[in-house]
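Chains, contacts and geometry: an overview
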Amino acid sequence: MKQQRHVLVSFLLGMLVIVLAACGGSSTSSSQTTSSSSAQNVQVTLSEFQITSTLRHFSPGSSYHFVVTNKGKTNHEFMITPADMMPGMSMDQMHKMALAMIDTVAPGETKTVDVIFPQSDAGKSLELACHLPGHYEAGMKLGIKVSS
Ligand SMILES: [Cu+2]
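The shown structure was predicted, so the numbers you read here are calculated from the model rather than taken from an experiment.

So, on to the packing of aromatic side chains. Per the counting criterion, the structure on display carries five aromatic pairs. Taken together, a centroid distance of 5.0 Å and an interplanar angle of 40° make the contact between F58 and F117 tilted. Separated by 59 residues along the polypeptide, F58 in strand β3 (residues 57-58) and F117 in the loop between β7 (110-116) and β8 (125-129) bring together distant segments of the chain. An identical accessibility class is assigned to F58 and F117; each is buried. Seen from their ring centres, F66 and F78 are 5.7 Å apart, and the 40° between their planes marks the pair as tilted. Taken together, the positions of F66 in strand β4 (residues 63-70) and F78 in strand β5 (residues 76-82) put the pair twelve residues apart, joining distant regions of the chain. Taken together, the aromatic side chains of F58, Y64, F66, F78 and F117 make up a single cluster linked through ring pairs.

Right, dumping it as structure tokens:
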């Protein structure tokens, strides 16, 4: 009987350790949230037919919070892609190559996307672009540079 009680106590102590460990784990992940909220803000404006950005030079490995606003009168999209993409590339291939994309930004709407440029993109020329039919050709592209 005395032995059983001892087992119960150590079981409860074991549970306590697990609960404490779980709390410790969640506080670690909340500190990660804090670090990602220190991402640098990048304001991007879409209109007919151009793209402007408050930042055009990016460091690989850093996090950026793109805030994309459509100040135009028609829908636009936002993509970050290699600058040397083939003109004849299909929408599907483009989406696969895109580092980030926001499908549709309606007039007056603001959407956000978080991006970390991989080290493998260092030294490369990328571009911010809208690939809705005719928009890219009309000038909706903006060259950006990734380097440390
Ligand atoms: Cu567009």
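Within the protein, the copper ion binds to H76 (ND1), C130 (SG), H135 (ND1) and M140 (SD); these donor distances fall in the range 2.0 to 2.6 Å. Considering all four donor atoms around the copper ion, the spread of angles at the metal, 87 to 137°, places the coordination shape in the irregular class. For the copper ion, the donor residues sit on a single chain with the sequence spacing H-x53-C-x4-H-x4-M. The pair formed by H135 and M140 is uniform in burial state, with each residue classed as buried.

Reading guide: rules and limits
- Residues numbered from 1 in each chain as written.
- Predicted model: local features only at pLDDT ≥ 70, side-chain atom pairs only at ≥ 80, totals over all residues.
- Heavy atoms only, no water.
- Phe/Tyr/Trp six-rings, centres within 6.5 Å; stacked < 30°, edge-to-face > 60°.
- Helix = DSSP H or I, 4+ residues; strand = E, 2+ residues; numbered from the N terminus.
- Buried < 20%, exposed > 50% of the residue type's maximum accessible area, 1.4 Å probe, protein only.
- Donors = N, O, S within 2.8 Å, 3.2 Å for Na, K, Ca; no water.
- Tetrahedral: all angles 85-135°; square planar, octahedral: opposite > 155°, others 65-115°.

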